[in-house]
Amino acid sequence: MEGLNYMVERDSAFHSTLDDIQFVNKATGDKVVAEAKAYSTGLSPNDFRDELARYFLEYIKQPQPHRFDFYIFTETLSNDQLWKALFDRDVTDNQKLVDFYKKLKDSVNDEVVDRLDDTDVDEFRDFAIDTHVFVGTYDDLRQQAHQLEKTERFQYEPYLHSYEPVSEETEYATNLFQVTRYPETLYIIETTEEAESARVYNYNNEAFPIKLHERKLYSLVHPDHLPGSTRHYIHEDRFETREFEEFLRTGAQEEERENIVRSLLRGIFTLVARDNDCLIDREKGTTVYPELDRKQHGSERKLGRSWVAKELDSYPDVIHRGVKVRVRRYAGEYYYVLLPTQVFTSDGRRPVTGERKSRLQNDFSPNRFHAQNSKYDRQLRVWEELLMSDQTQLDRFMGEKIPVVKELEVTRVDSLSLNVRPPKDGDERDELIESASDLENTGGIEQ
């Protein structure tokens, strides 16, 4: 079991447990309960019914994500075909499994029978799938363990393991931008029968604060000022108005309302981004990145002293500092969550795809470099400057037609106090990992 990357968690020699030994996987935390049996005449499922019933009851008592795998180690088997029919998933015989489950309920002691009455055969089938039978002598197992140790196939790497943070109050910079003032008016517009067409979204939703829901178009833009392709699918004279902030507190069903509000707020962000020469990619969520127009910017587009898009030296492609945009609600208030990312394009506009994208991501992976927290913080401040502090460029494009942009106000949450923190530096990280690893190697017993 150690060769398979498990460590002993409990042992019947030291703990009062049903099973011989309990193991936990060092990397995943998965549990294994093991039973070792030495039968000179071979172990039969029928001889093992009482114990199987008790392990089954212990198995279903656990919440679904925390159920254990059950390992049976034995030198020899009798009734080999029945073992396979019950526990070999390649040859499982459903009828034999049902019959054996009925025998459990008929033949075990009364106390266990009462508890089995509250179970069903589907639960026993799940247990059978998570049961594994290992047949071999001591020498067979020793040889297998030696082979595992030699190949290091399952060797535990502590630096790939997740550890608990340090319990210490710390101030954090964040990537959260709280909406401190909401748009004033929400328009709920009747749509035509063709409105479910994807054209409404393909043409406009990437950059306009609109959301189609149950034959209604929810919009933060007056119907007269929506793009023509959207107006084609609405009745411009049939709409109602609501105070937007009232709607986000009390409108529609809570889950539906939250989805609508999140889409509309994200739409304001993308609208501002587009009119500040940014592009929107919706392949996986919403990613916004600055366009590189070579005629206007040359080989590098800068904001202040920081570049936001530039040609690569070693490739004919362009790298962009973008953000993935999320809108989340915490404690009743809405926040923009900006996740710094990088986008590669072939011409300053169109993202590269496929194998070339994978190669560029690998060669320019940000995880290869240090000081990511400060780097990401600088990147967020670039976006704060680009989109949230000066919207006069958008005013020039839109004039007074789309007041929603002026009405929205956001404030970055500069610091957040939590009672946990990550390691301060590499030395502290190594020290924490070594301490945790020492505890694992001693079964959780401090030496």
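Bear in mind that the values here come from a model prediction, so they are computed numbers and not experimental data.

**With respect to the overall build of the protein**
Point 1. Counting its regular elements, the protein contains 16 helices and 19 strands.
Point 2. Taken across its 447 residues, the protein has 39% of its residues classed as buried.
Point 3. By sequence separation, contacts in the protein at least 24 residues apart represent 65% of the contacts at least 6 residues apart.

**Focus on the sheet that holds strand 9 (residues 210–213)**
Point 1. Spatially, the four strands line up as an open sheet ordered 9-10-8-11, and their pairing is antiparallel. Of all the strands in the sheet, the pair left with one neighbour each is strand 9 and strand 11 (234–243). The average angle at which neighbouring strand axes cross in this sheet is 25°, direction not considered.
Point 2. As paired elements, strand 8 (residues 185–191) and strand 10 (residues 216–219) share four bridges and run antiparallel to each other. Its bridge partner lying in strand 10, Glu-190 is registered against Lys-216.
Point 3. Packing against the sheet, helix 10 (residues 254–274) makes contact with strand 8, strand 9 and strand 10, and its axis sits at approximately 150° to strand 9.

**Quick look at the pairing of strand 10**
Point 1. Pairing of strand 9 with strand 10, which is carried by four bridges, proceeds in the antiparallel orientation. When the sheet's bridge partners are listed, His-213 is paired in strand 10 with Lys-216.
Point 2. Linkage of strand 9 to strand 10, two consecutive antiparallel strands, is achieved through a turn of two residues, within which Glu-214 is found at a positive phi near 50°.

**A look at the sheet that holds strand 3 (residues 31–37)**
Point 1. With respect to topology, five strands assemble into an open sheet ordered 1-2-3-4-5, the strand pairing being mixed. Two strands lie at the open edges of the sheet, namely strand 1 (6–11) and strand 5 (131–135), each paired on one side alone. Each adjacent strand pair in this sheet contributes to an overall mean axis angle of 25°, direction not counted.

**Regarding the confidence of the model for the protein**
Point 1. Predicted confidence across the protein gives a mean pLDDT of 79, with 79% of residues reaching 70 or more.
Point 2. Per-residue pLDDT, averaged within each element of the protein, yields its smallest value for helix 14 (residues 392–398) (39) and its largest for strand 8 (92).
Point 3. Across residues 390–401, confidence stays below pLDDT 50; counting only partners more than four residues off in sequence or on other chains, it has 18 contacts.
Point 4. Low pLDDT, under 50, characterises residues 443–447; the predicted model gives this stretch five contacts beyond four residues in sequence or across chains.

**Considerations on the packing of aromatic side chains**
Point 1. Throughout the structure, instances matching the rule amount to 19 aromatic pairs.
Point 2. Residues Phe-56 and Phe-124 carry aromatic rings whose centres are separated by 5.2 Å and whose planes lie at 85° to one another, so their mutual orientation is edge-to-face. Of the two residues, Phe-56 is situated in helix 1 (residues 49–61) and Phe-124 in helix 5 (residues 121–129); the sequence distance between them amounts to 68 residues. Comparing Phe-56 with Phe-124 shows no difference in burial state: the two are buried.
Point 3. A ring pair is formed by Tyr-187 and Phe-239, whose centres lie 6.0 Å apart and whose planes are at 70°; its orientation type is edge-to-face.

**Some remarks on the side chain of Arg-421**
Point 1. Tracing the sequence through the fold places Arg-421 in the loop between strand 19 (416–418) and helix 16 (426–441).
Point 2. The exposure class of Arg-421 is buried, given its relative accessible area of 7%.

**A look at the side chain of Thr-74**
Point 1. Residue placement: Thr-74 occurs in strand 4 (residues 69–74).
Point 2. If sequence neighbours within four positions are ignored, Thr-74 has contacts with Lys-37, Leu-43, Phe-134, Val-135 and Gly-136.

**Section: a nonpolar patch on the surface**
Point 1. Taken together, Leu-416, Leu-418 and Val-420 make up a surface patch of nonpolar side chains, about 200 Å² in accessible area.
Point 2. With respect to the secondary-structure elements, Leu-416 resides in strand 19.
Point 3. Taking the relative accessible area as the measure of exposure, Leu-416 reaches 36% and is therefore partly exposed.

Reading guide: rules and limits
Residues numbered from 1 in each chain as written. Predicted model: local features only at pLDDT ≥ 70, side-chain atom pairs only at ≥ 80, totals over all residues. Heavy atoms only, no water. Helix = DSSP H or I, 4+ residues; strand = E, 2+ residues; numbered from the N terminus. Buried < 20%, exposed > 50% of the residue type's maximum accessible area, 1.4 Å probe, protein only. Contact = heavy atoms within 4.5 Å. Pairing = 2+ DSSP bridges. Axes fitted to C-alpha atoms, helices over the stretch in contact; angles between N-to-C directions. pLDDT = per-residue confidence, 0-100. Phe/Tyr/Trp six-rings, centres within 6.5 Å; stacked < 30°, edge-to-face > 60°. Patch = residues over 30% accessible without salt bridge, like charges linked within 9 Å, V, L, I, M, F, W, Y side chains within 5 Å. Areas by Shrake-Rupley, 256 points an atom, 1.4 Å probe, with all protein chains shown as cover. Salt bridge = Lys/Arg side-chain N within 4 Å of Asp/Glu carboxyl O.

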